[in-house]
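# Inside the fold
Spelled out, the chains give:
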Amino acid sequence: MPDPSSRISVLLPLPLGGRYDYQVTLESDYPPGAVIEVPFGGRKVTGVVWGPGEGIIPDSKLKTAGSVLPLPLMTASLRQFVDRVAAYTLTSPGAVLRMVLNTPKAFSPERGHFLYKIPSDGPIFLKSPIRQRIINFLADGAKRSISEIAQNVGCSSGLIKTMAKAGELVPIAAPPAAPFSRPKTNTNIIFSPPQERAAQVLRETMREGTFSATLLEGVTGSGKTEVYFEAIAAVIAQEQQSLVLLPEIALTTQWLDRFVARFGVKPAIWHSDLSAAQRRITWRAIAEGGAPVVIGARSALFLPFPDLGLIVVDEEHEAAYKQEDGVIYHARDMAVLRAHIAKHPIILVSATPSLETLANVEADKYRRLHLPNRHGNAQLPHITAVDMRKYPPPRGHFLSPPLAQALQQNFEQKGQSLLFLNRRGYAPLTLCRSCGHRLQCPNCTAWLVEHRQINRLQCHHCGYALRIPQTCPQCQAVDSFTACGPGVERLAEEAAILLPKARIALMTSDNIANAAAAEGLIHDMIHGKIDLLIGTQIIAKGHHFPALTLVGIVDADLGLAGGDLRAAERTFQLLNQVAGRAGREDRPGQVFLQTYDPSQPVIAALAEGSEENFLTQEMNARKAATMPPYGKLAALILSASNEKLVDQACRDLAAKIPHEEGIIILGPAPAPLAILRRRHRRRFLLKSAKNLSLQSVIKKWIKEIRLPRTVRLQVDIDPYSFL
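This is a predicted model, so every value here is computed, not measured.

## Side note on the overall build of the protein
From N to C terminus, the protein includes 19 helices and 31 strands. Scaling as 2.2 N^0.38, a compact globule of 723 residues should have a C-alpha radius of gyration of about 27 Å, and the protein matches this with 29 Å. The dimensions of the protein, computed from C-alpha atoms along their principal axes, are 90 × 70 × 65 Å. Counting every position in the protein, which comprises 723 residues, the buried fraction comes to 51%. Pairs at least 24 apart in sequence give 74% of the contacts found in the protein among residues at least 6 apart. As displayed, the protein offers around 33,400 Å² of accessible surface, 52% of which is attributable to carbon and sulfur atoms. The centroid of the 81 positive side-chain charges in the protein is displaced by 6 Å from the centroid of its 65 negative side-chain charges.

Laid out in structure tokens, this is it:
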């Protein structure tokens, strides 16, 4: 029999079936949570000790565990979180662990830092002028860093190291400076009465230090951020760490400015655009408890905090929190899970909360704090629904006469305006005037979008691009292609004709590639260098533009098309957020919604200010249909480059469909995007009541079939995208 005391169970950050046992000596110490190196498949892999060995393989056949890396132990709550996320999403624990250990350069200790001074026997005289300048700079006996010497003398760092090797300078080992300063507490914050009541509840919640979920809801511009800063301040005072999740980390300029104004220092930042060196420093600081406050994208949820005391999910309704590739999860829901496991509070923040969160408030699982008014003297904007049937734009144009007139008047009054259209590029469709042929992506079931500024047709799903052909491939007609429908580039073209003297800028993911680009554009908008901003949904992410007084939503009906379960909810949230950019200071704001159906519930709710009625109707409809948040959904997506192969896999899976009471299984059917990146896609959809476990049914079902290696199966619990 194997000796359990001589083996450990190690989880590897690989998409494998489970944990692996390794042999250890009694003299070695491998505590649970230790990050270690182990041999695996002829190479060394970094893994985490999950506990004592569990297998039945004889000790003689086990490989021996390697060394323990000089890192803090992974907490028991984080290890439990990894297991729970894997079980919920039906992915391997190793794939989840890979999101935790995604910065391998941080595993080795940081190289020593050195300061340099002249030898103790005093300054020496050198023939080289540049070397003599270095000696003269250090003649006061002070110890200085390479960067300080190089900057003041104008030399290379290599020369300083060469002088140290020659004995002309003396290197002195110095501990590295802490990468993140401790935030300062500021008690001189002036709140409105509703803000103060909410802040006081949050302060008491932080002092209690147990799990609780709080919805902090407030109209756009009501000061929600300043209120949850009070919770962060309380956690800092308790010397614990805080994590703030934001849906668009590249657009955090104003949030960071407010944080620095409140706490005097910058927080640690975590997102995919960080350099390798920044990721290493930040990951290590977080793991060692040296980052009191972290702001990050959804991946920050898997960072190894040793003493996390609070999670804040800002804009909790945002679909951007849903991870669609790899491990498919919703960061908001998994954040609640992590807080529950670690027994600390979580705050969900939104002006337009998701129905999932509102259902949890309704069930008394979450507490609700409400800020009903805008901060200071600002008032909510006046919203007008423009019936495009009564006020159609001129042929070939897309701005209705009322909106066009309002734009001209606002420009003359030196107010800033914003036009929102959730379509990138110049036009969503290009077709031949002679035969009607539409230019489609060869890799996806999608039309190519014209981007006139770069003279390209692009697929927004796989990235395929080409120049607009001179001749139609279908009928050979020359120069017959025409752009159909508007994108933001075409809108900018029309706006430039309407307002020839206006300074117009675009804000889309095409021209906001990183945080620096976003910061520059936002700076120009705040400082009055832009008269008209035109953008996609990226402009709805909580920006505060003090002089913005007019918002025009060019196609308010756009998000309502199709059969998406959450189409109405998402459209309401998005348009509400966009409208909320107007009139956030003393000057009143106005919003124009261009629509072909003003009576549509979403449009009517926004125009009439009847948000509660709309949400009640939407929730009642979901209850009647047993749809989320009052029921459960799960999707199985099969894909392969060979269409016949994926169809056969679907037939095999359909033959084993479980017949469980209370569960409905629909499909297989082609996905709306039936071809994506040259892979043919088919979907099954499972629906059940809230109290049933779809995971156990799916797990048992897919175990009964062996799919070909070229067929990929993805499981999406709580799907948000139905494409």
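## Focus: the pattern of salt bridges
Summed over all chains, the structure comprises 24 salt bridges. A salt bridge links Asp387 to Arg389; the nearest nitrogen and oxygen atoms lie 3.0 Å apart. Asp387 sits in the buried class, given a relative accessible area of 10%. By relative accessible area, Arg389 is classed as exposed at 55%. Note that Arg424 is salt-bridged to Asp510, the shortest N-O span being 2.8 Å. One end of the pair, Arg424, is in the loop between β18 (416-420) and β19 (429-432); the other, Asp510, is in the loop between β24 (504-507) and α14 (515-526), and 86 residues separate them in sequence. Classification of Arg424 by relative accessible area gives partly exposed; the value is 25%. You can call Asp510 partly exposed: its relative accessible area is 37%. Several salt bridges share partner residues, and in doing so they unite Glu196, Arg203, Glu230 and Arg262 into one network.

## Focus: the sheet that holds strand β22 (residues 465-466)
Strand order in this open sheet of three strands is β20-β21-β22, and the pairing throughout is antiparallel. Only two strands of the sheet have a single partner each, and these edge strands are β20 (449-451) and β22. Sheet topology places β20 next to strand β21 (residues 456-458); three bridges connect them, and they run antiparallel. Counted as the bridge partner of Val449 is Gln458 from β21.

The rules behind each value
- Residues numbered from 1 in each chain as written.
- Predicted model: local features only at pLDDT ≥ 70, side-chain atom pairs only at ≥ 80, totals over all residues.
- Heavy atoms only, no water.
- Helix = DSSP H or I, 4+ residues; strand = E, 2+ residues; numbered from the N terminus.
- Rg over C-alpha atoms; globule rule 2.2 N^0.38 Å.
- Buried < 20%, exposed > 50% of the residue type's maximum accessible area, 1.4 Å probe, protein only.
- Contact = heavy atoms within 4.5 Å.
- Areas by Shrake-Rupley, 256 points an atom, 1.4 Å probe, with all protein chains shown as cover.
- Lys, Arg positive; Asp, Glu negative; His and termini not counted.
- Charge placed at Lys NZ, Arg CZ, Asp CG, Glu CD.
- Salt bridge = Lys/Arg side-chain N within 4 Å of Asp/Glu carboxyl O.
- Pairing = 2+ DSSP bridges.

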